[in-house]
Amino acid sequence: MTASTIRQKYLAFFKAKDHQIIPPAPLVPADDPTTLFTNSGMQPLVPYLKGQIHPMGRRLVDSQPCFRAEDIDEVGDNRHTTFFEMLGNWSLGDYFKQDQLPWFWEFLTHELKLPKARLYISLFKGSSQVPRDQESLKVWKKLGVPENKIYWYEAKKNWWSRAGTPEEMPEGEIGGPTSEVFFEFDSVDHNTKYGKACHPNCDCGRFLEIGNTVFMEYEKTKQGLKKLPAQNVDFGGGLERLTAASQNQPDIFQIELFSEAVKNLEVVKKSGPAYNQDPLPYRVIVDHLRAAVFMAAGGVEPSNKDRGYILRRLIRRSMVQARKLGMEQDEWLSNTLPLLASPYTKTYPLIDKKIPEINQTITQEIDKFRQTITRGLKEFNKTSPNQINERFAFKSLATYGMPFEITQELAQQRGIKLDKGVFDEYVKKHQDLSRTVSTGMFKGGLADHSEATTKLHTATHLLHAALKKVLGDHVRQEGSHITAERLRFDFAHPRVLADEEIKKVEDLVNQKITEDLPVKKTIEAKNQALKSGAMAFFKETYPDKVTVYTVGRDLNQGWFSKEFCGGPHVTSTGKIGSVRIYKQKNLGAGLRRLYARLNHGNHQSIDQNQGRTQ
Ligand code: SER
């Protein structure tokens, strides 16, 4: 059965059970800047699951385009995609387990004609706050599912909320225990790499989760989980996965939504593995490009921020994989895009209408990335072999957006081996910088340019200078991240700081604030600025003329802090008020992290009598 038939059958099946078909929400939520992409069918329905009356009634059904950025690195196996369509049905305080489970079973076994022998069930085994789901067990047994095909799992697997397990749910978040259905592909042998025995949640690829019913009846409160006003059903099933099961095809990239595009790539590729030798490059390209088609149709433009950054990442990652297949020009793109878009043009007329814009958006980004690679390549060729290491690869990423895989390709040609693990460690240690790169934060690790963030930004400069004065000149900034609530500063120093040392640093910062020193911005020649003692994070990556912020009465001598920086800053330190260092973290490998916030009122009330080291 094709995806298109399954979509139609599902909507019709629940319509016949008195559900209203609701239109899908846009993949790119129009009026919600806090949500990057719709990532589940329930997301647009949260207010109704919490008790608000839905204008279409208490039984709803739809097919919702979803995107999950967190799965980006999972793409490559036989079943994970970033973009997918989620078939969903909801009971807003209407039917519950006794109807939902038999209905879904009927849909699978009668409508899709999946053999019962291949279906397995999972249930929530219970916790201190929520009982084991014996009710669902009874329903499944009544439907004829033998008990040895029903598996019990903990919250990690059989609890659903947008945030994860009950412990991970923030106050106000809704969630509940789940019952999932899995399809078993008997053509796939269990791989013991994933564990001794196979089971529905094993990652070997023999089992595929094809539907998830959430019994959405809890809300997280200060006191723990509390029952919602009504018992709701939130069902979601991946259309692509249901299609794969209906075709008894363990590889979802071989269903008709992808298979033509994969075939086309095999034809146009210049070198590299065939699909059956190494499917990863193909899977990444078709998954990412399909997601890019939907994002571009929703009006997202590649950029360094938020949604635009995700789109940029998808396109660039596809291009990296295309190069692994020897394709450096656009040969991989021209046919692949239409083949990925065409299965959707009837159901999603926007895709059809916007094909030219989608093409343009993606092609332009590819051109830009080609320039990036050329710049990175130039830098690579200028660098002596003994300096080509994982740090260099990280710097190339941070500076030019050069992906690790490309630097690694290049290094290989010179006989240099770069280790992804070491590179990842490097990125982790420099989390702040990488987050700046990956979320498109403002330069300098600022989350925004609000008044509080700006004050804390200047305080960060004072902290940096104070650390050098108190601990020694070896202190080197390794990253920073500043929000309106707090500043976070990472630096190299061989020992954990004693409480007295932290106090000294804090006192020095506050003394400089009390002195109300002017903060001045100048533009200077890079070498001149470095000679004068200005601190720079990555010296090599600055242009010849740099912006420098100096804290002190005199720009030439006696200043307290001088740093390369893009701003913004307060005009004089007195505006900061005062700051409090409230936490230290040991990041390992000679790296320390300090957290500080603005002092509002009683200094002593924060972390009173507590050491500040974690
Ligand atoms: N909310 C659940 C999920 O996204 C079921 O719809 O899997």
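Quick notes on the rules
- Residues numbered from 1 in each chain as written.
- Predicted model: local features only at pLDDT ≥ 70, side-chain atom pairs only at ≥ 80, totals over all residues.
- Heavy atoms only, no water.
- Helix = DSSP H or I, 4+ residues; strand = E, 2+ residues; numbered from the N terminus.
- Rg over C-alpha atoms; globule rule 2.2 N^0.38 Å.
- Buried < 20%, exposed > 50% of the residue type's maximum accessible area, 1.4 Å probe, protein only.
- Contact = heavy atoms within 4.5 Å.
- Areas by Shrake-Rupley, 256 points an atom, 1.4 Å probe, with all protein chains shown as cover.
- Near = heavy atom within 4 Å.
- Polar contact = N/O pair within 3.5 Å; in protein donor to acceptor, adjacent residues only side chain to side chain.
- Nonpolar A, V, L, I, M, F, W, Y, C, P; charged D, E, K, R; others polar.
- Phe/Tyr/Trp six-rings, centres within 6.5 Å; stacked < 30°, edge-to-face > 60°.
- Lys NZ or Arg CZ within 6 Å of the ring centre and 35° of its normal.
- Core = buried A, V, L, I, M, F, W, Y, C linked by side-chain atoms within 4.5 Å.
- 1 Å grid on protein atoms, 1.4 Å probe; cavity = no way out; pocket = protein on both sides within 12 Å on 5 of 7 lines; lining within 4 Å.
- Points joined across faces, edges and corners; volume = space filled by probe spheres on them.
- Pairing = 2+ DSSP bridges.
- Axes fitted to C-alpha atoms, helices over the stretch in contact; angles between N-to-C directions.
- pLDDT = per-residue confidence, 0-100.
- Lys, Arg positive; Asp, Glu negative; His and termini not counted.
- Salt bridge = Lys/Arg side-chain N within 4 Å of Asp/Glu carboxyl O.

Trainee: Before we move on, could you go through the overall build of the protein chain and cite the residues and values that matter?
Mentor: Along the backbone of the protein chain there are 20 helices and 16 strands. On C-alpha atoms alone, the protein chain measures out to a radius of gyration of 28 Å, which is about the 25 Å that the 2.2 N^0.38 rule sets for 614 residues. Seen along its three principal axes, the alpha-carbon backbone of the protein chain occupies a region of about 85 × 60 × 50 Å. Going through the 614 residues of the protein chain one by one, you find that 54% of them count as buried. Pairs at least 24 residues apart make up 70% of the contacts formed inside the protein chain by residues separated by at least 6 positions. For the protein chain, the computed accessible surface area is about 27,500 Å², with 48% contributed by carbon and sulfur atoms.

Trainee: Can you lay out the site of the ligand for me, pointing to particular residues and giving the numbers?
Mentor: Inspection of the region around the ligand gives Ser40, Met42, Arg68, Met86, Trp160, Asn212, Val214, Asp234, Phe235 and Gly236 as its neighbouring residues. In the environment of the ligand, an oxygen atom lies 3.1 Å from a nitrogen or oxygen atom belonging to the backbone of Gly236. Of all the secondary-structure elements, those providing two or more residues to the shell around the ligand are β8 (207-221) and β9 (224-238). Counting residues per element, the shell around the ligand draws most heavily on β9, at 3 residues. Of the residues that constitute the shell around the ligand, the class distribution is 5 nonpolar, 3 polar and 2 charged.

Trainee: Tell me what's going on with the packing of aromatic side chains, and back it up with residues and numbers.
Mentor: Tallying each qualifying case throughout the model produces 26 aromatic pairs. Ring centres of Phe13 and Phe14 lie 5.1 Å apart, and the angle between their planes is 80°; on these two criteria the pair is classed as edge-to-face. Comparing Phe13 with Phe14 shows no difference in burial state: the two are buried. Seen in terms of ring centroids, Tyr582 and Tyr595 are 5.9 Å apart; in terms of plane orientation they differ by 45°. Their pairing is tilted. Of this pair, Tyr582 sits in strand β15 (residues 579-588) while Tyr595 sits in strand β16 (residues 591-598), placing them 13 residues apart in sequence. For Tyr595, a relative accessible area of 8% translates into the label buried. Positioned above the aromatic ring of Phe215 is the side chain of Lys97, whose terminal nitrogen or guanidinium carbon lies 4.8 Å from the ring centre.

Trainee: Describe in detail the nonpolar core, supporting the description with residues and values.
Mentor: Phe67, Leu108, Trp140, Ile210, Met295, Trp332 and Ile362 are the most contacted members of the largest nonpolar core, which totals 106 residues. At 12 residues, the largest contribution of residues to this core is made by helix α8 (residues 280-297). Contacts of Leu108, omitting those with residues within four sequence positions, involve Lys113, Leu114, Leu119, Val181, Ile210 and Leu242.

Trainee: Got a sec to walk through empty space enclosed by the protein? Specific residues and values, please.
Mentor: Under the criterion given, the structure shown has 1 cavity of 30 Å³ or more. Here the largest cavity is characterised by a volume of approximately 40 Å³. In terms of lining residues, the largest cavity is bounded by Val293, Leu337, Pro338, Ala341, Ile355, Ile358 and Asn359. Those elements giving two or more residues to the lining of the largest cavity turn out to be α11 (336-341) and α13 (355-382). Among the residues forming the lining of the largest cavity, the class breakdown is 6 nonpolar, 1 polar and no charged.

Trainee: If you had to explain the sheet that holds β16 to someone new, which residues and values would you point to?
Mentor: One open sheet accounts for 4 strands, arranged β10-β11-β16-β15; its pairing is antiparallel. Strands with a single pairing partner mark the edges of an open sheet, and in this sheet they are β10 (476-482) and β15. Here the strands of the sheet are splayed against their neighbours by 20° on average, with no regard to which way each runs. When β10 meets strand β11 (residues 487-492), the two strands line up antiparallel, connected through 6 bridges. Across the sheet, residue Gln477 finds its bridge partner in β11, namely Phe491. Helix α18 (residues 451-471) rests against β10, β11, β15 and β16 of the sheet, and its axis sits at about 25° to β11. Its contacts with the sheet place helix α19 (residues 499-514) against β15 and β16, and it is angled at close to 140° to β15.

Trainee: Give me the lowdown on the pairing of β11, citing residues and values where you can.
Mentor: Within β11, 6 of the 6 residues are buried, which leaves the element mostly enclosed by the surrounding structure. Here β10 folds back onto β11, and the loop between the two strands holds 4 residues. Of the strand pairs in this sheet, β11 and β16 are connected by 6 bridges, and their pairing is antiparallel. Looking at the pairing, Arg488 lines up with Tyr595 of β16.

Trainee: Please give an account of the confidence of the model for the protein chain that cites residues and values.
Mentor: Averaged over the protein chain, the pLDDT score is 89; the fraction of residues at 70 or greater is 92%. Confidence drops under a pLDDT of 50 for residues 432-444, and excluding neighbours within four residues, the segment shows 34 contacts in the predicted structure. Across residues 601-614, where pLDDT falls below 50, the model places 26 contacts with residues more than four positions away in sequence or in other chains.

Trainee: Residue-level account of the side chain of Asp287, with values.
Mentor: With respect to the helices and strands, Asp287 occurs in helix α8. Here Asp287 is buried and forms no salt bridge, its nearest opposite-charge partner Arg290 lying at an N-O distance of 4.8 Å.

Trainee: Hey, could you go over unusual backbone geometry for me, with residue numbers and the actual values?
Mentor: Unlike most non-glycine residues, Asp18 shows phi in positive territory, near 65°. You can see Asp18 is positioned in the loop between α1 (3-15) and β1 (20-21). Relative accessible area serves as the criterion here: at 57%, Asp18 is assigned to the exposed category. The backbone of Asp516 sits at a positive phi, close to 50°, despite the residue not being glycine. Looking at where Asp516 falls in the secondary structure, it is placed in the loop between α19 and β12 (519-525).

Trainee: Could you give an account of the environment of Gly93, naming the residues involved and the relevant values?
Mentor: By the secondary structure assignment, Gly93 is in the loop between β3 (83-91) and α3 (97-111). Beyond its immediate stretch of four places on either side in the chain, Gly93 contacts Arg58, Ala230, Gln231 and Asn232.

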